[in-house]
Amino acid sequence: MNTDERSAAEQRVLRRSIAATILVGAFGVVFGILSGSLSIAFDGMFSMVDASMTALALLVARLIAGRPSRRFQMGFWHIEPMVLAFNGGLLALLSVYAFVNAVEALLSGGRELVFDWAIGYASIVVAICAAMFLYGRRRNREINSDFLALDVKGWAMSGLITAALLAAFAIAALLQGGPLEPWTPYVDPAVLAVLTLVLIPVPLRTVVSALKDIALVAPPELDRRAAEVAREIVARHGFLDARTYVAKSGRSEMIEMHFILPPDHAARSIRDYDAIRTEIGAAVGGRPDDRWLTIAFTADPRWAD
């Protein structure tokens, strides 16, 4: 799959995800009102926020797939980790807010629910989330997009939330009319509190990873790969040494290699040095369109440091 095909496939999956997320969010708002459930309302709001963030991701994916502009001459790769950080941070804050509301509801005596509406909602949404999770994960094995990876995590989170709600609502419905019925109002806020605590780390991990990209922290694997390639080139062509500098910004890999040649190194043609660059590019690997590879040759180490 070339870069254009990958971008088109990524955008197609994101558009379908947006449509499904809006559907789930609308279900959540309507059924949350009908059932009186805080957790269903949270599920709906979570989906609506996720839909808006997926739409933003789609916009950025289109920018990245396009050509650099006069104002953004090095492309739009740097926007991707910013969007991922904002998306993950917003989902984490929403989860924290939901946890606070759940604790408040527990302390105030819980909430009465209409369990038929709640169980019907949870059953439908679990099926939608499972289908979108499996579809997104399968497609992203071919596309390998950070945006799609985050979107798949979002569907997994929504599905887990709703599956737990379905189990809790079903158990609470069975308890009605029995000696434990006075405890049923606590089911909804208790489940919401537990789920939000479990799920908060998921978007936070995305935020940490995105912040590393924003700060241009050198990925260990990319650093190791670039250093190995540089050592092999030094040994193969009789150079003195090499310096490598790497960073990652979203899907792009930025690699600089500076090779130090002996002052009396035999002069070569530009075509010879371009052949070495081609050799290095093949050894480094990765998608050429998602890679910024700079290779320089010098006899003065000061130009390499």
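Everything discussed here concerns the structure shown above.
Residues numbered from 1 in each chain as written. Predicted model: local features only at pLDDT ≥ 70, side-chain atom pairs only at ≥ 80, totals over all residues. Heavy atoms only, no water.

A.B. asks: I'm lost on the overall build of the protein chain in this one. Help?
C.D. replies: In terms of helices and strands, the protein chain carries 9 helices and 3 strands. The linear arrangement of helices and strands in the protein chain, starting from the amino end, is α-α-α-α-α-α-α-α-β-β-α-β. Rg of the C-alpha trace for the protein chain: 26 Å, well past the compact-globule value of 19 Å for 305 residues, more than 25% over. Here the protein chain holds 305 residues, and 46% of them are scored as buried. Put simply, 77% of the contacts in the protein chain that link residues at least 6 apart link residues at least 24 apart. (Helix = DSSP H or I, 4+ residues; strand = E, 2+ residues; numbered from the N terminus. Rg over C-alpha atoms; globule rule 2.2 N^0.38 Å. Buried < 20%, exposed > 50% of the residue type's maximum accessible area, 1.4 Å probe, protein only. Contact = heavy atoms within 4.5 Å.)

A.B. asks: What exactly am I supposed to notice about the pattern of salt bridges here?
C.D. replies: A pair can form between side chains of opposite charge whenever their charged atoms are brought close. As enumerated under the stated definition, the model contains 10 salt bridges in all. With a closest N to O distance of 3.8 Å, Glu142 and Arg139 form a salt bridge. A residue pair is termed a helical-turn pair when its members lie 3 or 4 positions apart in one helix, as Glu142 and Arg139 do in helix H4 (residues 115–143) at 3 residues. For the salt bridge of Asp305 with Arg243, the shortest nitrogen-to-oxygen distance reads 2.7 Å. Placement of Asp305 in the segment after strand E3 (291–298) and of Arg243 in strand E1 (residues 241–249) is noted, with a sequence separation of 62 residues between them. With a relative accessible area of 62%, Asp305 lands in the exposed category. With relative accessibility at 23%, the residue Arg243 sits in the partly exposed group. A network of salt bridges, in which partner residues are shared, links Glu221, Arg224 and Glu228. (Salt bridge = Lys/Arg side-chain N within 4 Å of Asp/Glu carboxyl O.)

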